[in-house]
Amino acid sequence: MADAAVDSTTTGASTAAAGTGALTWPVTAFWNACGVFLADLSYNRFSPWFSAVLLASGVLNIVITPWSLCALDGWCEDVMSTTYRQLYTRLVAFTSLMSRASIMYKVYRHMAEYRWRQEGYERKWPLSGVCWRQNLAYATFVVTTCLMLMIPINMLRLYLFYMYEVNNDNMLLLFFFNMYLQNWSMCCMETHFALLCFRVYLHLRSINDELLAVRTDIMVSNRYPVALRSMRPSAMSRCRRSWRRRRFAADEDHYHHRRHQHHDYHHQHHRAGGDDHCDVGGRRGGEPVANSVKRGAVANLSFLQDPLGCPLETTIEMLRVRHGLMRESIDYLNNIFGCQLTLSLVALCVMMLFDIYNEAFHAGGSTGGIGSPSRFIYFWVLQYMFRFFVIIMTAHSTTQEGYKSKTLVTEINNRYLNSNTKYELQLFLKQMNHHSIDITACDCFTLNSHLVASAIAVGTTYLFVLIQFHEDIS
């Protein structure tokens, strides 16, 4: 029955992946064009060519930035505003080049090992069909939304430049195309992180589902009906269904191995002529002390078992190992994407700040009419906000799911259990306490919901400072 459950889980995941595979074409196309690695985590052979084009575009934009701004709208009389806008365009080029170079180096050094670890983990503990569908839906939503917020608006802006630019200067068109290309590159690398992080989130959630089921079964075994009544029936049934659906074959193999050892011991004991009665010390008649200790250990090992018959301490040990592997996956994500996330978040905040500042004091331009920057400011700000929130909230949800395991293990440890299970739970807690689960940007700041409030506060402060300086100079 257990093997059938495992096979059905694996088959369900494969069927879900095959049935919803058509949803992954935006991810595949976007990553094939701009990504450093592909959807299967293999290195993108087209990446060096795209990076070379990106390098040339970044250097060109840094060089021609002063000319392009003056040619665009003649706003060079305001020294302060011109300086800020030059900083803005050069920052986009610089952060794009640095983030691309950083992630290419990290992917070349560490992605093969990360891919090998993740594939081994998912072969042993595959995601359920529901989780696969959620992963594919999330990937499609994030990538499709980014493309819809970027490509139509950018292409429309380039078309308007081409059709209505007074000077009909193709160099200006090339300048903005390069800037949009750099923005696409950064967005693609941000989706790299978001989708890998969401996959870790799903694995941590499956671990927490099993821990929740363990806690429920322990409460049943300890006969706490008041506490059980505090849980909603739907939550309890969902926990039990998740438990039976997500069991892994490793526990079964380990348990059968111990059963064979126990059977061999009893077979040898009966051949030695031992009887079935026990003395005061707990030993069977004629049984040596060493065998009595071994029998006591076996009895203690199977004091409380999970619904499939595996010893509970074996289940806790396996969940501890799985959680440790996911913590190491978070370390890999911090190492690979740390520098890139720092540059992306800084660039998004600066672009949003200067777009709003530019809109407040200069909403015209030589393009005029529908090509005016005021027509696009809402789409640009929406794009920056969406990308910022995807990075922050995906990392925050993954971190919270990791810390939720700590709460569940603590609650389980407070129940009446045998010594072996207590030892595994305390070791689980010790490892979580000594290993951070936070996702950071180069250890400069932690990616959580508090960062959103901090970014809004800092951005508003600097926006008012820029407005005040502009009014004083005017």
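As the structure is a computational prediction, the values presented were derived from the model and not from experiment.

S.K.: Any details on the overall build of the protein chain? Residues and values, ideally.
M.R.: Counting its regular elements, the protein chain contains 14 helices and two strands. Among the 474 residues that make up the protein chain, the fraction classed as buried is 50%. A total of about 22,800 Å² of accessible surface is found on the protein chain, and carbon and sulfur atoms cover 62% of it.

S.K.: Describe the nonpolar core, with residues and values.
M.R.: Phe37, Phe193, Phe337 and Leu447 are the most contacted members of the largest nonpolar core, which has 105 residues in total. Per-element accounting of this core gives the leading share, 26 residues, to helix α6 (residues 170-221). Beyond its immediate stretch of four places on either side in the chain, Leu447 contacts Phe193, Leu341, Leu345, Ile391, Ile392, Ala395, His396, Ile439, Thr440 and Ala441.

S.K.: Could you give an account of the pattern of salt bridges, with specific residues and numbers?
M.R.: According to the stated counting rule, one finds seven salt bridges in the structure shown. In this structure, Glu190 engages Arg387 in a salt bridge whose closest nitrogen and oxygen atoms are separated by 2.8 Å. Highlighted residues: Glu190 in helix α6 and Arg387 in helix α12 (residues 377-413), separated in sequence by 197 residues. What makes Glu190 buried here is its relative accessible area of 4%. Of the residues examined, Arg387 reaches a relative accessible area of 3% and is grouped as buried. Linking Glu424 and Arg320 is a salt bridge whose minimum nitrogen-to-oxygen distance equals 3.2 Å. A residue pair is termed long-range when its members are at least 10 positions apart, and Glu424 in helix α13 (residues 419-433) and Arg320 in helix α11 (residues 312-361) qualify at 104 residues. Judged on exposure class, the residue Glu424 and its partner Arg320 are both buried.

S.K.: How would you summarise the UniProt feature "transmembrane region" (unreviewed entry) in the protein chain if you had to cite specific residues and measurements?
M.R.: Following the UniProt record, one finds the feature "transmembrane region" (unreviewed entry) at residues 16-39, 46-67, 87-108, 136-160, 180-202, 332-357 and 377-396. Summarising residues 180-202: 100% helix, 0% strand, and an end-to-end C-alpha distance of 33 Å.

S.K.: I'd love a proper account of unusual backbone geometry, names of residues and values included.
M.R.: Of note, the phi angle at Cys442 is positive, near 55°, even though the residue is not glycine. The topology assignment puts Cys442 in the loop between β1 (440-441) and β2 (445-446). Although it is not a glycine, Asp443 adopts a positive phi angle of roughly 60°. With respect to the secondary-structure elements, Asp443 resides in the loop between β1 and β2.

S.K.: Describe the packing of aromatic side chains, and please don't skip the residues or the numbers.
M.R.: Scanning all chains against the criterion turns up 11 aromatic pairs. Ring geometry for Trp31 versus Phe37: centroids 5.7 Å apart, planes at 75°, classification edge-to-face. Considered together, Trp31 and Phe37 belong to a single accessibility category, that of buried residues. The interplanar angle of 90° and the centroid separation of 6.4 Å between the aromatic rings of Phe177 and Trp184 together place this pair among those described as edge-to-face.

S.K.: How would you sum up the packing of helix α2 (residues 25-34) against helix α5 (residues 129-164)? Please name residues and give values.
M.R.: Close contact between α2 and α5 brings their axes to 8 Å; oriented N to C, the two are set at 60°. When the interaxial angle is binned, α2 and α5 end up oblique. For the pair α2 and α5, the crossing hand works out as left-handed. From α2, Pro26, Val27 and Phe30 reach across to α5, where they touch Ala139, Thr140, Val143, Thr144, Leu147 and Met150. Of the residues contributing to the contact of α2 with α5, the split by class is seven nonpolar, two polar and no charged.

S.K.: Describe the packing of α5 against α6, naming the residues involved and giving the relevant values.
M.R.: Packing of α5 against α6 leaves a shortest axis separation of 10 Å and a crossing angle of 170°. By the angle between their axes, α5 is roughly antiparallel relative to α6. Per-class residue counts for the contact of α5 with α6 are 24 nonpolar, five polar and three charged.

S.K.: Describe a nonpolar patch on the surface, naming the residues involved and giving the relevant values.
M.R.: Together, Ile151, Met155, Met171, Leu174 and Phe177 make up a nonpolar patch on the protein surface, roughly 380 Å² of accessible area in all. Looking at the nonpolar patch, the elements with two or more residues in it are α5 and α6. Broken down by element, the nonpolar patch gets its largest block of residues, three residues, from α6. Take Met155: it is sitting in helix α5.

S.K.: Explain the environment of Leu160 to me, using residue names and the numbers behind them.
M.R.: Positionally, Leu160 belongs in helix α5. Sequence separation between Leu160 and Leu173 is 13 residues; the distance between their C-alpha atoms is 9.8 Å.

S.K.: Summarise the environment of Val143; cite the residues concerned and give the values.
M.R.: The residue Val143 is located in helix α5 in this model. Assessed through its relative accessible area of 0%, Val143 is described here as buried. Separated by 115 residues in the primary sequence, Val143 and Thr28 place their C-alpha atoms 9.7 Å from one another. Excluding residues within four positions of it along the chain, Val143 makes contact with Pro26, Val27, Phe30, Thr191 and Leu195.

S.K.: How would you summarise the environment of Lys422 if you had to cite specific residues and measurements?
M.R.: Here Lys422 is to be found in helix α13. Distance in space between the C-alpha atoms of Lys422 and Glu313 is 8.1 Å, their sequence separation being 109 residues. Once residues lying within four places of it in the same chain are set aside, the contact partners of Lys422 are Asn413, Asn414, Arg415 and Leu417.

S.K.: Any details on the confidence of the model for the protein chain? Residues and values, ideally.
M.R.: Within the protein chain, residue pLDDT values average 75, and 67% of them lie at 70 or more. Mean pLDDT across the secondary structure elements of the protein chain bottoms out at helix α10 (residues 289-301), with 37, and peaks at α12, with 93. Low pLDDT, under 50, characterises residues 224-308; the stretch is placed with 111 contacts to residues that sit more than four places away or in other chains. Scored below 50 in pLDDT, residues 363-372 makes 24 contacts in the model with residues more than four places away or belonging to other chains.

Rules used in this analysis
- Residues numbered from 1 in each chain as written.
- Predicted model: local features only at pLDDT ≥ 70, side-chain atom pairs only at ≥ 80, totals over all residues.
- Heavy atoms only, no water.
- Helix = DSSP H or I, 4+ residues; strand = E, 2+ residues; numbered from the N terminus.
- Buried < 20%, exposed > 50% of the residue type's maximum accessible area, 1.4 Å probe, protein only.
- Areas by Shrake-Rupley, 256 points an atom, 1.4 Å probe, with all protein chains shown as cover.
- Core = buried A, V, L, I, M, F, W, Y, C linked by side-chain atoms within 4.5 Å.
- Contact = heavy atoms within 4.5 Å.
- Salt bridge = Lys/Arg side-chain N within 4 Å of Asp/Glu carboxyl O.
- UniProt positions renumbered as here; feature names shortened; annotations may be inferred.
- Phe/Tyr/Trp six-rings, centres within 6.5 Å; stacked < 30°, edge-to-face > 60°.
- Axes fitted to C-alpha atoms, helices over the stretch in contact; angles between N-to-C directions.
- Parallel < 35°, antiparallel > 145°, perpendicular 65-115°, else oblique.
- Left-handed = near helix turned anticlockwise from the far one by under 90°.
- Nonpolar A, V, L, I, M, F, W, Y, C, P; charged D, E, K, R; others polar.
- Patch = residues over 30% accessible without salt bridge, like charges linked within 9 Å, V, L, I, M, F, W, Y side chains within 5 Å.
- pLDDT = per-residue confidence, 0-100.

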